Amino acid sequence: MIKTLSKSIRQYKKLSLLSPLFVICEVIIEMLIPYLVGLLVDEGIMKGNMTYINKWGLILFVLTIISLALGASASYVSAHAAAGFAANLRQDMFYHMQDYAFENIDKFSSSSLVTRLTTDVNNVQLSYQMLIRIAVRAPMMLVVSVIMSVIISPRLSLIFLVIAPVFVLLLVLIIKSAYPYFPKIFKGYDRMNQVVRENVRGIREVKTYVQEDAQIEKFEQASGFIYKLFATAQKLISLNALVVMAVLNIATLAICWFGAHEIVGGSLQTGQLISMFSYSNSVLFSLNILAMISTQIIISGASGRRIADVINEKPAIENPRKPLDHLTNGEILFDHVSFKYDPADRVEALHDINLHIRPGETIGIIGETGSSKSTLVSMIPRLYDVTAGAVRVAGHNVKSYDLKTLRDNVAVVLQKNVLFSGTIKENLKWGNENATDEEVIAAAKIAHADGFVREMPDGYDTMIEQGGNNVSGGQKQRLTIARALLKKPKILILDDSTSAVDTSTEREIRESLARDLPETTKIIISQRIVSIKDADRIIVMNHGKIEDIGNHEELMQRNELYSSIAKFQAEQGSRGE
Amino acid sequence: MNNLDQVEQMTTKPHKSKTLTRLFKLVLSTSPWMLIVSAITIILAAGANVAGTLFIERLINNYIVPLVKQVQNGKSPDYGPLTYAILVMLGVYAIGFISNYLFTVIMAILAQKVQYRVRNNMFTHMESLPISYFDQNDYGDIMSRYTNDIDTLMQMISQSIPQFVNSALTLVFVVTAMISLSWQLTLFSMIIFAMSFGIVRYLTTKSSHYFKLQQKELGKINGYNEEMLSGLKVIKVFSHEEQIKEDFNKYNEELRKASGNANTFATILFPIMGNMGNLLYVLIAFVGGMVAINGWAPLTLGAIASFLQLSKQFSMPIAQISQQLNSIVMAIAGAQRIFELQDQAVEVDEGTVTISRNPKVKGAWDWNVTENGQVKKVPVRGHIVFDHVNFSYVPGHQILHHISIDAKPGMKVALVGETGAGKTTISNMLNRFYEIDSGTITYDGIPLKEIKKDDLRRSLSIVLQETHMFTGTIMENIRLGNPEASDDDVYQAARLSHADEFIHELDDGYETVIDGNGGDLSQGQMQLLSIARAMIADEPVMILDEATSSIDTRTEKMVQAGMDNLLAGRTSFVIAHRLSTIVNSDLILVLDHGHIIEAGNHEQLLAKKGYYYELYTGKKEIE
């Protein structure tokens, strides 16, 4: 994990190294200052030596300014190094996600990818910033103060030898006993958020069935669970404050007691005793900080792993070495194609498919949910790669084409389609960035989107909201078809893309596709006979196999599945007449 | 209390102080004794802290120096007084650290208690808000009140306020002690103090500015990622990866800058304040030395040494106060958003007429009508009449115009029309999700307004186009329709709605746990479940917002059969997206821009050769 993540430091290596350097210098000066001030008091003020005061006062002043500058620079440098590292991490993750094939995308949910890009990166950023600043500062302070106190009085320093292990042990015990509560608390939060989410989204159901009281009870259970666990965890964590204060006070009193004896015995001076207090302070303070940052870094370890998972995920489909960048026509050949989504699956999603589609042909595909209609067509633009056999387009294996060339020429309108926030024109131009307004309008006309777009307040410049909620389902489908048409594809695949379009408009779209794109191979997947009955050939899919191929009349006569679907849908249409 | 007053003075806007007062009352009422105990312990802790500092000076002057003198005079040192003093100090320290622990733990628990209460109040209130609130407010925005806003509030109660008070008290004690030593040097320190406070305020203001900026940029990139990653497959299909990367880089770069600055200012305060403390230390030694040596003011060397000790405790509380002030301001903003939700007007229910299930007859419901002081049970028939109903979501934008419908008991009424024609709006009127502007709606002759809302909703159910499930078992999800239903009732409802078949194929049958999104269930299966849910509710009036577009034929066949079973014998309103399912309706209403433009049964409307005829023939010709 660390190896993967550290690759993203890149141009921020210099800043990352400067930070500890600044911190080390700052700590040394900072720890030197009390010692020098002691000298200033003992030698200058106590003896009334003004020249000494002037000289050392000036030196101290300069040192303090340097220390201030170093400290401030360390903050700046570490914050920017960590922010830069985080930006690189986000970029590496996001870029890598763009290389994902469908297979990879299926593995992660989009909300989990978003969390990894934000929350997890934030955690790592904070830890990294700590790592290059405070995590250097605290041990450095510890070392310097121990050295200074040993210089002042080796015997008094023995107190630390007794107290420090006890102190660390207590802190570790507290953290260890409180730590297990947090995953449970986070789960509690998930549960509570889930109840809120389900209620906000499903408020109509709640109100319709008058379930408010039951839902409130559910929520109070979830928030009560959090309260109970959190209160317990807080009691444990607050012990931390108790331990820090108690140990610090006891150490001070021990230094008072033994120090007094030392002074009386003549082996220690009063000024040195005062220095010992501030060094004992530093020792315990830095131990406390060390305990805290180690917890934080351990917690963010989980985030680091989640980020590394994204970056280490190997894209399932990569561009060939010497790709073909030209695709001549819309001929498709499936040659003994088999496919499994997961090698561990027992059943093949596609089983020994053999199929030849001529350029310009219109093909309909029908079959029940789960019969692999969408899977079949997703082999053509290499959304997934075949497990066995080969798919050829215009005579060449799809694997030999440049991916962009292939996908520009094979336009798929996906079943689960989305528009992006931006104007309608911007959305349509996804198909072809350089399309002129005339081309955009022409494509919209074929998809029968031009009419309603013109009726919108800003026409083609109307903004589409995120998720495309300000257009109806049918309008959205027509826009996504227009978007695909702008590619001027050799092969056009409509995967149940007119399900929300009313039947007469749907027919007109089919007619204009046939009229305006005669050379384009058209593959139409549908649940409805009416959408495909005019196709040159219709493929009936059943459990990953081609059950039958033929035109409407042929299939009506010989194929039972096809004719039963047709019969049911005809009954539906004529009921009540 | 003192601390709250201070903050109140510093926050200029009156509504902020109002929020703060309200917040304070909330905390106080949650647990008065906790607040009192923590106030006392905070003072004790700060006092013990200062006593500790003073002790170290006394240690040297009052104990060590006499001991050394005793030795110099040849006597054996008497450690008795020192032992006694150290034991006393042990007591003082113990009071200190125990107080410290107490207020830390009490405030932390109090914060949790407040959080628990605020959350529950907020949710309870939310459940009583009208549908319009949910239609107008973004899900993420509502959600963040339960998470971010409450978190900052808790942070303030458990950490910011105690630290603020503690720092303020320490500062007061330190300044008092300084003045008692030398007012001249105190004055000098005050100048430095004022300067450093200025610097600190500047830095913390900057810091919170950049943090807000960082949050904003984070929000932007988050929204962008959300959209692009959920559309990742479309990006791949259009080979649009490079353009996306370009846009992403812009957002990422902005966030990097904002985040770098925010974190710089957040961490720079402590090295600056620490070194300002050292600077003050050096300057006091220098100035004090000059003053004492030249005799400009009566100042002993011992006083300078003590003064130096005190000055060390000076700068950290200032930094603390300034930082805590910022987080308090942030928490107030969060509290404002929470209170805003809690102040939303709840659904009003002025209805008095109640409806209840007839316990003796299955599926029968009764009106409870009071006549001459006696409650009379009258069976519910399900006669719904709309009379010239007008409605607008936003004043001035009328959605429904003079809608009149007479749905006799048992009738199937279909609503047909384009998206936005007002079909769903009509159903929103019926269950009073929204209130009509004018006209009347009656239910068995009783105006809807006079019927108790909960009872009204209990007696009519909706199957929505977009089905929502709640995390739990299939059994629990179906039972949502009628919590009193037995297991057998659930099985029967599932059978009648044809959901039974797929439920049996699931690993744990009726005990299979699904989440809010339905888990592995398809849209069609969720729809079957929601039909079963309506079936078990067994209500006299039904509203079906049907959508069967992405369901395969086999499932559609089942959904259709389930719906037919459901509608039998009930008054129903069916919002149709495909005409095939509604041709057998008793009454078909064709809606256009909120007007009923055609009404009648299938044959009558076909004969009219109007809008409906066009819609229908579009399909007919194909078949």
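Only a predicted model underlies this, so the values are computations on that prediction, with no experimental measurement involved.

Observations regarding the overall build of chain B
Along chain B, the regular secondary structure elements total 20 helices and 15 strands. In terms of overall dimensions, chain B is more spread out than a globule: its C-alpha atoms have a radius of gyration of 37 Å, far above the 25 Å expected for 623 residues. Along the first, second and third principal axes, the C-alpha set of chain B runs to 125 × 70 × 50 Å. Out of the 623 residues belonging to chain B, those deemed buried represent 44%. Long-range contacts, defined as pairs at least 24 residues apart, comprise 76% of the intrachain contacts of chain B with a sequence gap of at least 6.

A short note on the overall build of chain A
Looking only at helices and strands, one finds 21 helices and twelve strands in chain A. For a compact globule of 577 residues, the expected C-alpha radius of gyration is about 25 Å, and chain A comes in at 36 Å, more than 25% above that figure. Dimensions along the principal axes, computed over C-alpha positions, put chain A at roughly 115 × 60 × 50 Å. Here chain A, with 577 residues, has 46% of them falling under the buried criterion. Within chain A, residue pairs in contact and separated by at least 24 positions form 78% of the contacts whose partners lie at least 6 positions apart.

Some points on the domain arrangement of chain A
When cut into domains, chain A gives domain 1 (1–151 + 303–316), domain 2 (154–267) and domain 3 (332–574). Each of domain 2 of chain A and domain 3 of chain A was reduced to a C-alpha centroid, and the two centroids are 57 Å apart.

Here's the deal with helix α15 (residues 437–446) of chain A
Residue and element names in this part refer to chain A. All buried positions along α15 are accounted for by Val 440, Ala 443, Ala 444 and Ile 446. All buried residues of α15 project into a common sector of 160 degrees when viewed along the axis, lining one side. In α15, the exposed positions angled more than 90 degrees off the buried face are occupied by Asp 437 and Glu 438. Looking at the buried residues of α15, the elements they touch are α14 (424–428), α16 (450–455), α17 (473–485) and α18 (503–516).

Brief notes about the sheet that holds strand β11 (residues 537–542) of chain A
All names here are of chain A. A sheet is described by the order of its strands in space; here six strands give the open sequence β6-β9-β10-β3-β11-β12, paired in mixed fashion. Two strands lie at the open edges of the sheet, namely β6 (410–413) and β12 (545–550), each paired on one side alone. On average, each strand axis in the sheet is tilted by 15 degrees relative to the strand beside it, whichever way the strands run. Of the strands in this sheet, β6 and β9 (491–495) touch α17, which is tilted by about 175 degrees from β6.

Thoughts on the environment of Val 413 of chain B
By the element assignment, Val 413 of chain B lies in strand β6 (residues 412–417). The sequence separation of Val 413 of chain B and Thr 467 of chain B amounts to 54 residues, and the corresponding C-alpha distance is 22 Å.

Description of the sheet that holds strand β9 (residues 460–463) of chain B
All names here are of chain B. In spatial order, the strands read β9-β12-β13-β6-β14-β15; together these six strands make up an open sheet with mixed pairing. A single partner strand is all that each edge strand has here, and the edge strands are β9 and β15 (595–600). Strand-to-strand, the axes of this sheet are offset by a mean angle of 20 degrees, without reference to chain direction. With five bridges connecting them, β6 and strand β14 (residues 587–592) associate as parallel partners.

Some thoughts on the environment of Ala 443 of chain A
Residue and element names in this part refer to chain A. Relative to the assigned elements, Ala 443 resides in helix α15. By C-beta crowding, Ala 443 is classed as buried, having 25 other C-beta atoms within 10 Å. Here the alpha-carbon distance between Ala 443 and Leu 485, two residues 42 residues apart in the chain, equals 5.9 Å.

A closer look at the domain arrangement of chain B
For chain B, the assigned domains read domain 1 (14–170) and domain 2 (384–622). For domain 1 of chain B and domain 2 of chain B, the distance between their C-alpha centroids amounts to 57 Å.

With respect to the interface of chain B and chain A
Taken together, the contact between chain B and chain A spans 117 residues of the former and 122 residues of the latter. A total of 27 residues in the side of chain B that touches chain A trace back to one element, the largest contributor, which is helix α9 (residues 241–294) of chain B. For the side of chain B that touches chain A, a count of residues per class yields 57 nonpolar, 42 polar and 18 charged.

Topic: the nonpolar core
Among the nonpolar cores identified, the biggest contains 330 residues, and Ile 493 of chain A together with Val 416 of chain B are the most heavily contacted of them. Take this core: its biggest share by element is 21 residues, from helix α4 (residues 80–127) of chain B. The residues contacting Ile 493 of chain A, other than those within four sequence positions of it, are Val 377, Ile 380, Val 410, Ala 411, Val 412, Val 413 and Ile 523 of chain A.

A few points about the environment of Ala 449 of chain A
Residue and element names in this part refer to chain A. On the secondary structure map, Ala 449 appears in the loop between α15 and α16. Note on Ala 449: 29 C-beta atoms within 10 Å, which makes it buried. With 25 residues separating them in the primary sequence, Ala 449 and Gly 474 have C-alpha atoms 9.6 Å apart. In this structure, Ala 449 is in contact with Ala 444, Arg 478, Leu 479 and Ala 482, ignoring residues within four places of it in sequence.

Some thoughts on unusual backbone geometry
All names here are of chain A. You will see that Asp 352, though not glycine, has its phi angle at about 45 degrees, which is positive. Examined against the element boundaries, Asp 352 turns out to sit in strand β2 (residues 350–357). You will see that His 448, though not glycine, has its phi angle at about 55 degrees, which is positive. Position of His 448 among the secondary structure elements: in the loop between α15 and α16. The class for His 448 is buried, based on 22 C-beta atoms found within 10 Å.

About the cut-offs
- Residues numbered from 1 in each chain as written.
- Chains lettered and ligands numbered in written order.
- Predicted model: local features only at pLDDT ≥ 70, side-chain atom pairs only at ≥ 80, totals over all residues.
- Helix = DSSP H or I, 4+ residues; strand = E, 2+ residues; numbered from the N terminus.
- Rg over C-alpha atoms; globule rule 2.2 N^0.38 Å.
- Buried ≥ 20, exposed ≤ 12 C-beta atoms within 10 Å, placed from the backbone.
- Contact = placed C-beta atoms within 7 Å.
- Domains from an automatic or database assignment.
- Arc of directions from axis to C-beta.
- Pairing = 2+ DSSP bridges.
- Axes fitted to C-alpha atoms, helices over the stretch in contact; angles between N-to-C directions.
- Nonpolar A, V, L, I, M, F, W, Y, C, P; charged D, E, K, R; others polar.
- Core = buried A, V, L, I, M, F, W, Y, C linked by C-beta atoms within 7 Å.

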